[in-house]
Amino acid sequence: MWMEPYDQAASVLNALSITVAGGFCALFVLRARRRADAERIKTSLEKHKNYFAYLSMSLGSTDALLPPPGRLTPADLKAIQIKLLEWMETIGGEYRDQLTDLCRDLGLVELERKRLRSARHGVRLEAAYRLGMMRAAECTGELLQLLEREAGESTAFVVGRAAAKCAETLDDLRRVLLLLTEHHPEAHQLIADIAASSSLDPAPLFTELLAKEDCEAHLIVALTGLSGRNDPEVAGAVLRLIDSGYKEVRIKAAKVYLQVAHPLTPGRIGELIRHPDWEIRAAAVKAVGRLQLDAHIGVLTDCLGDAEWWVRYYSAESLSRLGPAGFEALCEAACGGENAASLDFVRETVQEELSRAKALVPQDTRQTASYDRLFFIYQRKRRGAGVNRAEVQTRGRLAERGPQ
């Protein structure tokens, strides 16, 4: 009887040993199978090297691309699919359309369409990804059905991107956007990127979503998608959202509004610079420098005393970009000492601008006069502030030879 515990332990160890050995055997088999598959694909790619050269030369022609001659083995078809998908990931327009038609002729679209109905989840996702790469418009409905089933999972983004790439109508693309936004309201940037991956222009959908003022997620996705688009019509659509009850919506709306090339009246820019949200104030003063709005130099000078560091930073940066007049205002703030909260910071900005201008002199002699002019402005402001002249004279060539 006393041997029974030892017998049981031995049995457990034997079972574990068999399990571990079986696991290693399965691993070795999988690795061997993958190596064999990789070798077959490599052989097939080499075999069809001339065919790929033909495709490369024929892209853009008015004639349809022909499939390779002879009977294709499964390995050949897989290798050709890999190469075509690589090309379709990097090219667009009519070239990609030609490759899509070739994929149909080779039966690759129908093959992945069948795999889309597989009982295995991983196979379905892989098929969806490949159909998206091939822009298989005829599979959009099935991809949308799969997206509805996957909507609550992280894999919904894979299916959603595939459906967006295949979508031929704005209605289909709208379904993708609304499903993803409903189930993943925080993934604003990713959803906007998915919409942008479509062959369709998503701007009308984003503009449409801006009307849904009661849904924060829709508004943020739309504003994220519209960011960077230089469309004057967008300005009017986002302007009213600067007063939204959602803070993130207000900030994004202000940034989109300031990015669009349209006339910014002094009254409008003044409202944004005085906005309660410091993020909007920072975006506004940054835009003044980017758009070269010299009329707002005085406002930027006042903003050097803002309570928020980023507002002060972008105010100083914008002043440095507004030519001699802006630099003079920056020097006056640095020498005047009126804005104690930003005095040291402003002085550093002035010195950085002088250093930047001086560094350009050896590269371009035309910059000499520019540097001298900036240093002269700084010297004059410091003298006016009662700074020791001897100290000023040690800071630049202009103090030694006089202004040019």
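Residues numbered from 1 in each chain as written. Predicted model: local features only at pLDDT ≥ 70, side-chain atom pairs only at ≥ 80, totals over all residues. Heavy atoms only, no water.

A. The overall build of the chain, seen in detail. Secondary structure summary: the chain contains 23 helices and zero strands in total. A buried classification covers 44% of the 404 residues belonging to the chain. Across the chain, the fraction of contacts at a sequence separation of at least 24, relative to all contacts at a separation of at least 6, is 61%. Within the structure as shown, the chain displays about 21800 Å² of accessible surface, and the carbon and sulfur contribution to it stands at 53%. (Helix = DSSP H or I, 4+ residues; strand = E, 2+ residues; numbered from the N terminus. Buried < 20%, exposed > 50% of the residue type's maximum accessible area, 1.4 Å probe, protein only. Contact = heavy atoms within 4.5 Å. Areas by Shrake-Rupley, 256 points an atom, 1.4 Å probe, with all protein chains shown as cover.)

B. Region of interest: the confidence of the model for the chain. With 73% of its residues at a pLDDT of 70 or more, the chain shows a mean pLDDT of 80. The secondary structure element of the chain with the lowest average pLDDT is helix 23 (residues 398-401), at 40, and the one with the highest is helix 8 (residues 156-166), at 96. In the model, residues 387-404 has pLDDT below 50 throughout and makes 30 contacts with residues more than four positions away in sequence or in other chains. (pLDDT = per-residue confidence, 0-100.)

C. Spotlight on a positive patch on the surface. Side chains of Lys255, Lys286, Arg290 and Arg321 sit close together on the surface and give a patch of like positive charge. One can find Lys255 in helix 14 (residues 247-259). The partly exposed category is assigned to Lys255, whose relative accessible area is 42%. (Patch = residues over 30% accessible without salt bridge, like charges linked within 9 Å, V, L, I, M, F, W, Y side chains within 5 Å. Salt bridge = Lys/Arg side-chain N within 4 Å of Asp/Glu carboxyl O. Lys, Arg positive; Asp, Glu negative; His and termini not counted. Charge placed at Lys NZ, Arg CZ, Asp CG, Glu CD.)

D. Structural context of the side chain of Arg312. Structurally, Arg312 is set in helix 18 (residues 309-320). As a buried residue without a salt bridge, Arg312 has its nearest oppositely charged side chain in Asp306, at a separation of 5.9 Å. Among the polar contacts listed, one links the side chain of Arg312 to the backbone oxygen of Ala307, at a separation of 3.3 Å. (Polar contact = N/O pair within 3.5 Å; in protein donor to acceptor, adjacent residues only side chain to side chain.)

E. Just a nonpolar patch on the surface, in detail. A contiguous nonpolar patch, built from Trp278, Trp309 and Trp310 and spanning about 290 Å² of accessible area, is present on the exposed surface. With respect to the helices and strands, the residue Trp310 is situated in helix 18. According to the relative accessible area criterion, Trp310 is partly exposed, its value standing at 36%.

F. Representation of the packing of helix 6 (residues 121-133) against helix 7 (residues 140-150) in the model. At their nearest, the axes of helix 6 and helix 7 sit 11 Å apart, and the two run at 135 degrees to each other. Looking at the two axes, helix 6 sits oblique to helix 7. Here the hand of the crossing between helix 6 and helix 7 comes out left-handed. On the side of helix 6, the interface is formed by His121, Arg124 and Ala128, while helix 7 contributes Leu143, Leu146 and Glu150. When grouped by side-chain class, the residues that make up the contact of helix 6 with helix 7 number three nonpolar, one polar and two charged. (Axes fitted to C-alpha atoms, helices over the stretch in contact; angles between N-to-C directions. Parallel < 35°, antiparallel > 145°, perpendicular 65-115°, else oblique. Left-handed = near helix turned anticlockwise from the far one by under 90°. Nonpolar A, V, L, I, M, F, W, Y, C, P; charged D, E, K, R; others polar.)

G. Structural detail: the packing of aromatic side chains. A full pass over the atoms with the stated rule returns eight aromatic pairs. Between the aromatic rings of Trp309 and Trp310, the centroid separation amounts to 4.8 Å while the plane-to-plane angle is 85 degrees, which identifies the pairing as edge-to-face. With centroids separated by 5.6 Å and ring planes inclined at 80 degrees, the aromatic side chains of Trp310 and Tyr313 adopt a geometry described as edge-to-face. Separated by three residues within a single helix, Trp310 and Tyr313 lie in helix 18, roughly one turn from each other. Looking at Tyr313, the relative accessible area reads 27%, which means it is partly exposed. Members of the aromatic cluster, each reached through a chain of ring pairs, are Tyr51, Phe52, Tyr54 and Trp87. Just above the ring of Phe52 sits the side chain of Lys83; from NZ or CZ to the centre is 5.9 Å. (Phe/Tyr/Trp six-rings, centres within 6.5 Å; stacked < 30°, edge-to-face > 60°. Lys NZ or Arg CZ within 6 Å of the ring centre and 35° of its normal.)

H. Highlighting helix 14. Across its 13 residues, helix 14 extends 19 Å between first and last C-alpha, which sits within 8% of the 18 Å expected from 1.5 Å per residue. On its buried side, helix 14 packs onto helix 12 (216-226), helix 13 (232-239), helix 15 (266-273) and helix 16 (278-290). (Expected span 1.5 Å × (residues − 1).)

I. Structural context of the environment of Leu77. As for its position among the elements, Leu77 is in helix 3 (residues 74-90). Separated by 30 residues in the primary sequence, Leu77 and Gly107 place their C-alpha atoms 9.2 Å from one another. The residues touching Leu77, leaving out its near neighbours within four places in the chain, are Leu72, Leu106 and Leu108.

J. View of the pattern of salt bridges. Enumeration over the complete set of coordinates arrives at 17 salt bridges. The closest approach of N and O atoms between Glu46 and Lys49, which form a salt bridge, is 3.2 Å. Among the ionic pairs, Glu126 bridges to Arg115, the shortest N-O distance being 2.5 Å. Note that Glu126 is positioned in helix 6 and Arg115 in helix 5 (residues 108-115), a separation of 11 residues in sequence. Taken together, the shared-partner salt bridges connect Glu112, Arg115, Glu126 and Arg130 into one network.

K. Looking closely at the packing of helix 2 (residues 49-58) against helix 3. In contact at an axis separation of 12 Å, helix 2 and helix 3 are set at 30 degrees when each is read in the N-to-C sense. Classified by the angle their axes make, helix 2 and helix 3 are roughly parallel. Considering the relative orientation of helix 2 and helix 3, their crossing is right-handed. Facing helix 2, whose interface residues are Phe52, Leu55 and Ser56, helix 3 presents Ile80, Lys83, Leu84 and Trp87.

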